[in-house]
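Letter by letter, the chains look like this.
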Amino acid sequence: EPTDNIPEHYHKVVDCQYACPAHTPVPEYIRLIAQKRYTVAYMVNWESNVFPGILGRVCDRPCEPACRRSRVEETPVAICRLKRAAADNCGEIDHLLPTIPTEKNGKRIALIGAGPASLTVARDLMPKGYSITLFDRDAKAGGMVRSQIPAFRLPESVLDDEVDRILNMGVETRFGTEVSSLKGLLAENFDAVFIGTGAPSGRDLKIPGRDEAGDQVQIGINWLAGVAFEHIKKAEKRVVVLGGGNTAMDCCRTALRLGSKDVKVIVRSSFEDMKASPWEKEDALSEDIEIINHHVPKEYVVKDGKLTGILFD
C-alpha cells in the first residue's frame, strides 16, 4: 500500500517533523533554503507554524534533539536558525497569502487574549469568511511573546511584522479591554468564543522573609513584562536569579543589559538537570553570568527593612 499520503508514516520516518508540535515539514523547507528559495521556504513554514520569523529566533527546537543527523555528526542540523534564515531573506509575500472574502459568512467569533493561539485561530478563520473580534488587556497583540521575550532575542520589528500580517486580514481589535465577565461578552451574540488567555502569572517563592523583602524580590515573568512595557528601565547592581529555566536565563541576561554588574543564577538542581535549554545556558555563560548549582533557598535575609542576602541550604 503506498504510504505517500499517510501523514503518520511521514512523521515517524522524518524524526524532526514528528518531534515538531506543529509537524512542520522540516526537510522540505531546508531543501528550499539550500536552493536559496527563501520566500517559498517561508511560506512552507507559515502554513504550519504561523510565525516563522519569531520561531526562528525563540523556538525551543524540539526538532533538533530528534534530528537524525546527530547519529553521524556531533550536533544536529540548525533547524531553528534556518527558519530564521528563511524569514530574514524572504521577499514580499502579501500576494501569496490567502484572500479574505469581502462577503462574510455571517458568523461572528470572539477571541479572548491576543497571543499566538488566538492569532492562529484568526489566521485560519478569516479566509473562510468569519468575522473576528480580538480582545486583549494590553495595547498591542502578541501576548507573552511580546511581554516576556526580551527584545535582544526577538526584535520588536520582527514581532510586529508577523503579528500585523494577521491583524491586517481585517480583524476587529479591542485592545486595552480586560474581559472579566463571560456573561457580558456572550450578551454581544457571538457565535463562538475562543479563550486564549495563556498562563500569564509566574510563581512566587514564599520562604521566610518574603513579605519583608517587598519589591526587592520580583517574579521572573512579571519583571520581564515590566521591562518589555518600559515600566522597568534599570536593574540593581547585584542581582540573584532563583531558578534554572529559560525565564531565569532571560532574566539574568536582561539584568546585565539594564546595568547590573554582578548577576548570579542559583539553582536547586545540577547543571545538567536545569530546565533551561542547552543553548540558553550557553548564552548566559558566554556573558560571564555565574551559575551556582545544588543550592536550595531557605530564607530572604532582611535587615532594617532591606534585603541584604539569601540564605541557602
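In the block above lies the structure referred to throughout.
Parameters and conventions
- Residues numbered from 1 in each chain as written.
- Predicted model: local features only at pLDDT ≥ 70, side-chain atom pairs only at ≥ 80, totals over all residues.
- Heavy atoms only, no water.
- Helix = DSSP H or I, 4+ residues; strand = E, 2+ residues; numbered from the N terminus.
- Buried < 20%, exposed > 50% of the residue type's maximum accessible area, 1.4 Å probe, protein only.
- Contact = heavy atoms within 4.5 Å.
- Areas by Shrake-Rupley, 256 points an atom, 1.4 Å probe, with all protein chains shown as cover.
- Core = buried A, V, L, I, M, F, W, Y, C linked by side-chain atoms within 4.5 Å.
- Pairing = 2+ DSSP bridges.
- Axes fitted to C-alpha atoms, helices over the stretch in contact; angles between N-to-C directions.
- Salt bridge = Lys/Arg side-chain N within 4 Å of Asp/Glu carboxyl O.
- Lys, Arg positive; Asp, Glu negative; His and termini not counted.
- Phe/Tyr/Trp six-rings, centres within 6.5 Å; stacked < 30°, edge-to-face > 60°.
- Arc of directions from axis to C-beta.
- Polar contact = N/O pair within 3.5 Å; in protein donor to acceptor, adjacent residues only side chain to side chain.

Peer 1: Requested: an account of the overall build of the protein, with residues and values cited.
Peer 2: Within the protein one finds 15 helices and 9 strands. Projected onto the principal axes, the alpha-carbon positions of the protein cover approximately 65 × 60 × 35 Å. Considering the protein as a whole, with its 313 residues, one finds that 41% of them fall into the buried category. Counting only contacts in the protein whose residues sit at least 6 apart along the sequence, the fraction spanning at least 24 positions is 66%. Surface exposure of the protein reaches about 17600 Å², of which carbon and sulfur atoms provide 50%.

Peer 1: Can you lay out the nonpolar core for me, pointing to particular residues and giving the numbers?
Peer 2: One broad rule of soluble globular proteins: the nonpolar side chains tend to lie buried together. Among the nonpolar cores identified, the biggest contains 32 residues, and Leu119, Ile132 and Leu154 are the most heavily contacted of them. In terms of residue count, the dominant contributor to this core is helix α10 (residues 156–167) (5 residues). When residues no more than four places from it in sequence are discounted, the contact partners of Leu154 are Ile54, Arg57, Val58, Val145, Ile149 and Leu159.

Peer 1: Could you give me a rundown of the side chain of Asn45, with the residues and numbers involved?
Peer 2: Along the chain, Asn45 turns up in helix α4 (residues 38–49). Residue Asn45 is classed as buried on the basis of its relative accessible area, which comes to 0%. If sequence neighbours within four positions are ignored, Asn45 has contacts with Thr24, Tyr29, Val50, Pro52 and Lys83.

Peer 1: Give me the sheet that holds strand β1 (residues 108–112): which residues, what numbers.
Peer 2: Pairing is parallel in the open sheet, where 4 strands are placed in the order β3-β2-β1-β4. Bordering the open sheet on either side are β3 (172–175) and β4 (192–195), each of which pairs with just one other strand. Averaged over all pairs of adjacent strands, the angle between their axes in this sheet comes to 15 degrees, without regard to strand direction. Across the sheet, helix α8 (residues 116–125) lies against β1, β2 (131–136) and β4, angled at about 160 degrees from β1, the strand it touches most.

Peer 1: Tell me about the sheet that holds strand β6 (residues 262–266), and name the residues and values.
Peer 2: Ordered by their spatial adjacency, 3 strands build an open sheet running β5-β6-β7, and the pairing between neighbours is parallel. Each edge of the open sheet is held by one strand with a lone partner, namely β5 (238–242) and β7 (290–292). The sheet shows a mean angle of 20 degrees between the axes of neighbouring strands, direction not considered. For β6 and β7, the ladder comprises 3 bridges, and the chain directions are parallel. Its bridge partner being in β7, Val265 is matched across the sheet by Ile291. Strands in contact with helix α14 (residues 246–257) are β5 and β6; relative to β6, the strand with the most contacts, it is inclined by about 170 degrees.

Peer 1: Describe the pattern of salt bridges, naming the residues involved and giving the relevant values.
Peer 2: Applying the stated rule across the entire model yields 21 salt bridges. Residues Asp160 and Arg146 are paired through a salt bridge, measuring 2.8 Å at the closest nitrogen-oxygen approach. Here Asp160 is found in helix α10, whereas its partner Arg146 is found in helix α9 (residues 144–148), with 14 residues between them in sequence. For Arg146, a relative accessible area of 10% gives the class buried. With a closest N to O distance of 3.1 Å, Arg253 and Glu287 form a salt bridge. With a gap of 34 residues between them, Arg253 in helix α14 and Glu287 in the loop between α15 (278–286) and β7 connect regions that are remote in the sequence. Shared partners join several salt bridges into a network, and the residues in it are Lys140, Arg146, Glu156 and Asp160.

Peer 1: Quick one: what's the story with the side chain of Lys83, residue by residue and with numbers?
Peer 2: Structurally, Lys83 can be placed in helix α7 (residues 79–89). Buried and unpaired, Lys83 has Glu64 as its nearest opposite-charge partner, separated by 8.0 Å. Residues within four places of Lys83 in sequence aside, it is in contact with Tyr29, Asn45, Asn49, Pro52, Leu55 and Gly56.

Peer 1: Which residues make up the packing of aromatic side chains, and what values go with them?
Peer 2: Here the structure, examined in full by the defined rule, presents 1 aromatic pair. A centroid spacing of 6.2 Å and a plane angle of 85 degrees characterise the contact between Phe135 and Phe190, whose relative ring orientation is edge-to-face. Of this pair, Phe135 sits in strand β2 while Phe190 is found in the loop between α11 (182–186) and β4, placing the two residues 55 residues apart along the sequence. Accessibility classification places Phe135 together with Phe190 in one group, the buried group.

Peer 1: Explain α7 residue by residue, including any values.
Peer 2: When α7 is considered as a whole, its buried residues turn out to be Ile79, Cys80, Lys83, Ala86 and Ala87. Within α7, the buried residues cover an arc of 115 degrees as seen down the axis, which keeps them to one side. On its buried face, α7 sits against α2 (15–19), α3 (26–34), α4, α5 (52–58) and α6 (63–66).

Peer 1: Just give me the short version of the environment of Asn89, but keep the residues and values in it.
Peer 2: Structurally, the position occupied by Asn89 is in helix α7. With 48 residues separating them along the chain, Asn89 and Ala41 place their C-alpha atoms 10.0 Å apart. At a separation of 2.8 Å, a polar atom in the side chain of Asn89 contacts the main-chain carbonyl oxygen of Ala85.

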